[in-house]
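Below are the chains, spelled out letter by letter.
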Amino acid sequence: MSIADYMSTKLITLSMDDDLGKAKAIFDQHQIHHILVTDNKELVGIFTDRDLYKHLSPAIGTYKETHKDTAYLQKKIHLIMTRDLITCAANLPLNEAVVLFYDNHISCLPVVDSHYRPVGIITWRDIIKILALQHKKRSE
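Keep in mind it's a predicted model, so treat the numbers as computed, not measured.

Colleague: Mind showing me how you'd approach the pairing of strand β4 (residues 108-112) here?
Modeller: Counting buried positions over the five residues of β4 gives five, a clear majority of the element. A two-sided burial pattern is seen for β4, the buried positions comprising Cys108, Pro110 and Val112 on one face and Leu109 and Val111 on the other. Pairing analysis gives five bridges linking β4 to strand β5 (residues 118-123), with the strands arranged antiparallel. Residue leucine 109 lies in a different strand from β5, and its bridge partner there is isoleucine 122. Between β4 and β5, which pair antiparallel and follow one another directly, the connecting turn spans five residues, one of which, tyrosine 116, has a positive phi of 65°.

Colleague: Please explain the environment of isoleucine 127 as it appears in this structure.
Modeller: You can see isoleucine 127 is positioned in helix α5 (residues 124-139). Given a relative accessible area of 8%, isoleucine 127 falls into the buried group. Aside from chain neighbours lying at most four places away, what touches isoleucine 127 is Leu94, Val98, Phe101 and Ile122.

Colleague: Just to check I follow, could you spell out unusual backbone geometry for this structure?
Modeller: When glycine is set aside, most residues are seen to have a negative phi, and most peptide bonds are trans. With a phi close to 55°, glutamine 31 is a non-glycine residue in the positive phi region. Mapped onto the elements, glutamine 31 comes out in the loop between α1 (20-30) and β2 (34-39). Exposure remark for glutamine 31: the relative accessible area of 64% places this residue in the exposed category.

Colleague: Would you take a moment to explain the side chain of histidine 34 for this structure?
Modeller: Structurally, the position occupied by histidine 34 is in strand β2. Judged by its relative accessible area of 10%, histidine 34 is buried.

Colleague: Whenever I open this one, the environment of isoleucine 32 confuses me. Can you help?
Modeller: Inspection of the secondary structure puts isoleucine 32 in the loop between α1 and β2. According to the relative accessible area criterion, isoleucine 32 is partly exposed, its value standing at 24%. In the structure, isoleucine 32 is positioned 16 residues away from methionine 16 in sequence and 19 Å away in space, judged by C-alpha atoms. When sequence neighbours within four positions are dropped, the list of residues in contact with isoleucine 32 reads Ile12, Ile26, Phe27 and Asp49.

Colleague: Can you walk me through the packing of aromatic side chains in this structure?
Modeller: Centre distance and the angle of the planes are the two values used to describe a pair of aromatic rings. Under the definition given, this model contains one aromatic pair. The interplanar angle of 25° and the centroid separation of 6.2 Å between the aromatic rings of phenylalanine 27 and phenylalanine 47 together place this pair among those described as stacked. Of the two residues, phenylalanine 27 sits in helix α1 while phenylalanine 47 sits in strand β3 (residues 42-48), which places them 20 residues apart along the sequence. Side by side, phenylalanine 27 and phenylalanine 47 carry an identical accessibility label, which is buried.

Definitions and cut-offs
Residues numbered from 1 in each chain as written. Predicted model: local features only at pLDDT ≥ 70, side-chain atom pairs only at ≥ 80, totals over all residues. Heavy atoms only, no water. Buried < 20%, exposed > 50% of the residue type's maximum accessible area, 1.4 Å probe, protein only. Helix = DSSP H or I, 4+ residues; strand = E, 2+ residues; numbered from the N terminus. Pairing = 2+ DSSP bridges. Contact = heavy atoms within 4.5 Å. Phe/Tyr/Trp six-rings, centres within 6.5 Å; stacked < 30°, edge-to-face > 60°.

Below, the structure written as structure tokens:
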């Protein structure tokens, strides 16, 4: 079993110059936790919902919201995104992916082609689901 069998290929990406407001809208609309950041189709970073909420005021969207709070929504993604990425190829065996998650304390693994263009993504939630389904199948 390789990552290609389980990765999501419906990718949602941002560009480096997109802002937190756009990222927030994507997270809210799609109920995801990771967005890949690309520049000329090449993977250059990852932006998580945790990154977003670390930089947003809890007053956003409430009656306590101030101009300063909304100004943070204009902050550019490239100022916050993670650039030091752990990635893999689609043919990586699932067991090796699990080791990458564990050894690197990551929550997602972008899957890239030979030109470092993103072709998929797999998250720790996906891994847990795979393991749970395998366990249930063996228990039947």
